[in-house]
Amino acid sequence: MTRTSPSSATASPAASSPDRPAGGLCAIHQPNLFPRLTTLAKLFAADTWIVLDDVQFTRRDYQHRSRLAALEAPEKIRWLSIPTHLPQGRQTAIREALIVDPALARRRTQAMIRQEYRSSPHWPALQQALEPVWAAFDTGRTAAVAATSTRVLLDLLGWRGRVLTASLLPARPGRSERLASLTAAAGADAYLCGTGGMTYLDPAPFTARGIAVAPFLPPAAGIWTSARRVTSLWALAHLGPDGLAARLRTLTKTPDSLEAAA
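Described in the following lines is the structure provided in the data block. In this text, all values refer to a predicted model and were calculated from it rather than measured experimentally. (Residues numbered from 1 in each chain as written. Predicted model: local features only at pLDDT ≥ 70, side-chain atom pairs only at ≥ 80, totals over all residues. Heavy atoms only, no water.)

**A word on the overall build of the protein chain**
- Scanning the protein chain for helices and strands turns up 10 helices and nine strands.
- Residues classed as buried in the protein chain amount to 52% of the 262 residues present.
- For the protein chain, the proportion of contacts with a sequence separation of at least 24, taken over those separated by at least 6, is 68%.
- As displayed, the protein chain offers around 11400 Å² of accessible surface, 51% of which is attributable to carbon and sulfur atoms. (Helix = DSSP H or I, 4+ residues; strand = E, 2+ residues; numbered from the N terminus. Buried < 20%, exposed > 50% of the residue type's maximum accessible area, 1.4 Å probe, protein only. Contact = heavy atoms within 4.5 Å. Areas by Shrake-Rupley, 256 points an atom, 1.4 Å probe, with all protein chains shown as cover.)

Here you go:
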């Protein structure tokens, strides 16, 4: 994957191993419910994930919803949603959003995922990995379930990074300024930015701190065809943890490896 920097520094590629370089890559992302493959891949490529939990909750977004693709017919998609109450209305922060009837939401979520992926030969491993997600419903908070759903999938893939929480870190106001200050607070050398973020990112705050910006550019073929739309659960059920981890590790190598990752 090509890495670029506003300060012309070269960001170190991340790898899913304990001997990552000091500092490394930082990804900052809202907690997403069973995240899309592109989101999971970006976090997998980073050494640190900062959970952006203190920004405004957005209804009808991936913070409490996920598209489930049928195992044998991925073009068939249906929405999985966690009914969510916003105590402060539209100004409610992600971390403050509450699940409407957590017990019912848990049962419905379990049933939908089991229905879609239980025929996979990799279902036993996936089913076991998801146990902490069901327990997270007891918190009554949508963000806890979403963040846990992401972390358990990263763990299943053998990710060895660390998770920090934005609301517990010092940060300055302003979109790009805040991202840069959070990256600095994490002690990271580089900020891993998705294609959407690159459209608005101001590199100046990063350059001022000596932080590189590394764009995350996944392939568009093969399993990546629907990677921006459907949950990564489909790829895990289709390829298994080892198979998907191998594809994701390929993305941390050279641009020539991207075709193989498809």
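**A look at the side chain of threonine 84**
- Turning to its location among the elements, threonine 84 is positioned in strand 5 (residues 84-85).
- Here the side chain of threonine 84 touches isoleucine 82 through a polar contact of 2.9 Å, landing on its backbone oxygen.
- Reaching out from threonine 84, the side chain makes a polar contact with the side chain of threonine 142 at a distance of 3.0 Å.
- With residues near it in sequence (within four places) discarded, threonine 84 still touches Phe57, Arg59, His64, Ala97, Leu98, Val100 and Thr142. (Polar contact = N/O pair within 3.5 Å; in protein donor to acceptor, adjacent residues only side chain to side chain.)

**A closer look at unusual backbone geometry**
- Even without being glycine, phenylalanine 34 reaches a positive phi, approximately 40 degrees.
- Along the chain, phenylalanine 34 falls in the loop between strand 1 (25-29) and helix 1 (37-45).

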